[in-house]
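Next come the chains, spelled out residue by residue.
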Amino acid sequence: NRDLVSMTEVTHKQWKKKIYVEKDGLKARLKYKLRKNQIFEILKTEVPEQWRGQGIGKKLTEAAIEYAKTFNYMVKPKCSFAKFLLEKLKPDNVK
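My aim in this report is to walk through the structure given alongside it, one point at a time. Because the structure is a prediction, the values reported are computed rather than measured. Sequence order sets the numbering: in each chain, residues are counted from 1 along the sequence as written. Totals for whole chains, interfaces and linings use every residue, but because this is a predicted model, local features are given only for residues with pLDDT of at least 70 and side-chain atom pairs only at 80 or more, for both listing and counting. The basis for the side-chain values is all heavy atoms of the structure; hydrogens and waters are excluded.

1. Side note on the pairing of strand E3 (residues 26–35)
Right, so step 1: Here a strand pair is declared whenever DSSP counts at least two bridges between the two strands. Helix and strand assignments follow DSSP, with helices taken as H or I runs no shorter than four residues and strands as E runs no shorter than two, numbered in order from the N terminus. Relative to E3, strand E2 (residues 18–23) is paired through 6 bridges, and the arrangement is antiparallel. In the sheet register, glutamate 22 faces E3, and the bridge partner there is lysine 27.
Right, so step 2: The antiparallel pairing of E2 with E3 creates a hairpin that spans 2 residues between the two strands, and aspartate 24 there sits at a positive phi of about 50°.
Right, so step 3: Note that E3 and strand E4 (residues 39–46) share 7 bridges and pair antiparallel. Bridge pairing links lysine 33 to glutamate 41 in E4.

Put into structure tokens, the structure is as follows:
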């Protein structure tokens, strides 16, 4: 159900270094770390099995890219999903 992506709002908890969406008791999250030299490191992307293949991980990763751009951070993916997606999206702020 691709409508899930449009129906979910991304929340960013900067103090927890977490970007997530939550609906019907389920939560998908992207965890990150801010490193020296303006590096925004994506550590992990977790999406509940019921939501996989519906664009939620992409939505979280795109939110992370936009946040990093706002503060002139370069994105460095550590998790395999983020690496794969960033190779496809090719944003200009990837290290």
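There's plenty left to go through after this.
2. Describing the pattern of salt bridges
Right, so step 1: Whenever a carboxyl oxygen of Asp or Glu lies within 4 Å of a side-chain nitrogen of Lys or Arg, that contact is scored as a salt bridge. On inspection of all chains with the given rule, the structure shows 7 salt bridges.
Right, so step 2: The shortest N-O distance in the salt bridge between lysine 23 and aspartate 24 comes to 3.6 Å.
Right, so step 3: Buried means the residue's accessible area, taken with a 1.4 Å probe over protein chains only, is under 20% of the maximum for its type, while exposed means over 50%, and partly exposed covers the values in between. On the basis of relative accessibility, which here comes to 68%, the residue aspartate 24 falls in the exposed class.
Right, so step 4: The partner of lysine 58 in a salt bridge is glutamate 62, and the shortest N-O contact between them spans 4.0 Å. You can see lysine 58 and its partner glutamate 62 sitting in helix H2 (residues 56–70), 4 residues apart, about one turn around the helix.
Right, so step 5: Through salt bridges with shared partners, a single network forms among Arg29, Lys44 and Glu46.

3. Side note on the nonpolar core
Right, so step 1: Ranked by size, the top nonpolar core spans 20 residues in total, and within it Ala28, Leu30, Phe40, Ile42, Ile56 and Leu60 carry the most contacts.
Right, so step 2: Those elements that provide at least two residues to this core are E2, E3, E4, H2 and helix H3 (80–89).
Right, so step 3: A total of 6 residues in this core trace back to one element, the largest contributor, which is H2.
Right, so step 4: The contact rule is simple, with two residues in contact once any of their heavy atoms fall within 4.5 Å. For alanine 28, the contacting residues outside a window of four places in its chain are Ile19, Tyr20, Val21, Glu46, Val47, Pro48, Trp51, Ile56 and Leu60. Definition of nonpolar core: a set of buried residues of the types Ala, Val, Leu, Ile, Met, Phe, Trp, Tyr and Cys, connected through side-chain atoms within 4.5 Å.

These figures come from the coordinates and say nothing about function on their own.
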